[in-house]
Every structure is written in structure tokens, then in C-alpha cells.
Amino acid sequence: QVQLVESGGGLVQAGGSLRLSCAASGTSFRLSNVGWYRQAPGKQRDLVANIDSSGNTNYADSVKGRFTISRVNSKNTVYLQMNSLKPEEQAGYYCNLKVGVGKYWGRGTQVTVSS
């Protein structure tokens, strides 16, 4: 029914930039709250950034000033622009969408940061 597909992950050097995309289908996207999470091996899946249906954003302290979350409702897509990437931010990045009573996850996209 609801599908979330992440893209844009890959290999980047420390200090480099990457833009992730989360494309949604099968839901009322404009009413949704969407977050980007990351999970490194052996660690919890933590919130990186969130954007609500009104465009309000919040960020983990560790990424403030470097990451930007945005949405283009006409494309049913949320983006995460990541600048000045650090090696410790290598992880799987996952899109989470909340709308109504539903909560949905994408399968993730891998970000590898080389030093």
C-alpha cells in the first residue's frame, strides 16, 4: 500500500556532500510527518532530521548547520542534504513517514564516508 523508496546514498569522502531522497507513494503525502534516521552497525536507529506537514523542521544536535531536510509535495519527495560529512556518520539512512495512524519505513540507503 504505502511505499517509501530511498535513494542517493553512496561513497563520499570526509568533508564531502550527498543528497538523499525519499519518494513516497500510496499515502496522503502532504499530511505526513517525515523523518530521516540513521543506523550504524551495533547501534540504535536515531533521528537525524524531521519535517512535518507544515514544513517545520528539527535536527539532531550533531547535524545542525550541516544537514538540511526539505520536501517537495508535488513530487511526493523528502530530501536530506548532507554537507561536511564525517566518517562517524557512515550508516544506513532510513526514511520514516507518519500519516494518520500509520507509520512506515523505507528499506534504507547506505552512506559510506571515507577518510
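The structure displayed is predicted, hence computed values, not measured ones.

Q: What exactly am I supposed to notice about the pairing of strand E1 (residues 3–7) here?
A: If a strand is regular, its side chains alternate between the two faces of the sheet. Side-chain alternation along E1 places Leu4 and Glu6 on a buried face and Gln3, Val5 and Ser7 on a face that remains uncovered. As paired elements, E1 and strand E3 (residues 18–25) share five bridges and run antiparallel to each other. Bridged to Val5 within E3 is Ala23.

Q: Would you explain the packing of aromatic side chains in this entry?
A: Two descriptors summarise a pair of aromatic rings, namely the distance from one centre to the other and the angle between the planes of the rings. Counting across every chain of the model gives one aromatic pair. Stacked on the ring of Tyr94, the Lys or Arg Arg45 has its end atom at 3.6 Å from the ring centre. The cationic tip of Arg45 hangs over the ring face of Trp105; the distance from NZ or CZ to the ring centre is 4.7 Å.

Q: Would you take a moment to explain the nonpolar core for this structure?
A: Buried together is how nonpolar side chains tend to be arranged in soluble globular proteins. Of all hydrophobic cores here, the largest spans 26 residues; its most connected members are Leu20, Trp36, Leu80, Met82 and Tyr93. Looking at this core, the elements with two or more residues in it are E3, strand E4 (33–39), strand E5 (46–51), strand E7 (67–72), strand E8 (77–82), strand E9 (91–99) and strand E11 (109–114). No other element matches the five residues that E9 contributes to this core. Excluding residues within four positions of it along the chain, Tyr93 makes contact with Glu6, Leu20, Trp36, Tyr37, Arg38, Val48, Leu80, Met82, Gly108, Thr109 and Val111.

Q: Before we go on, may I ask you to explain the sheet that holds E7 in this structure?
A: Each strand in a sheet pairs with another by means of backbone hydrogen bonds, the pair being arranged parallel or else antiparallel. Taken together, the four strands give an open sheet; going across it, the order is E1-E3-E8-E7, and neighbouring strands pair in antiparallel fashion. Looking at the sheet topology across the chains shown, the edges are occupied by E1 and E7. Shown here is a sheet whose adjacent strand axes are inclined to one another by a mean of 15 degrees, direction ignored. Sheet analysis places E7 next to E8, joined by six bridges and oriented antiparallel. If you follow Ile69 over to E8, its bridge partner there is Leu80.

Q: Before we go on, may I ask you to explain the side chain of Arg38 in this structure?
A: Position of Arg38 among the secondary structure elements: in strand E4. At 3.1 Å, the side chain of Arg38 forms a polar contact with the side chain of Tyr93. In contact with Arg38, not counting residues within four places along its chain, are Gln44, Arg45, Asp46, Val48, Ser62, Val63, Phe67, Glu89, Ala91, Gly92 and Tyr93.

How each quantity is defined
Residues numbered from 1 in each chain as written. Predicted model: local features only at pLDDT ≥ 70, side-chain atom pairs only at ≥ 80, totals over all residues. Heavy atoms only, no water. Buried < 20%, exposed > 50% of the residue type's maximum accessible area, 1.4 Å probe, protein only. Helix = DSSP H or I, 4+ residues; strand = E, 2+ residues; numbered from the N terminus. Pairing = 2+ DSSP bridges. Phe/Tyr/Trp six-rings, centres within 6.5 Å; stacked < 30°, edge-to-face > 60°. Lys NZ or Arg CZ within 6 Å of the ring centre and 35° of its normal. Core = buried A, V, L, I, M, F, W, Y, C linked by side-chain atoms within 4.5 Å. Contact = heavy atoms within 4.5 Å. Axes fitted to C-alpha atoms, helices over the stretch in contact; angles between N-to-C directions. Polar contact = N/O pair within 3.5 Å; in protein donor to acceptor, adjacent residues only side chain to side chain.

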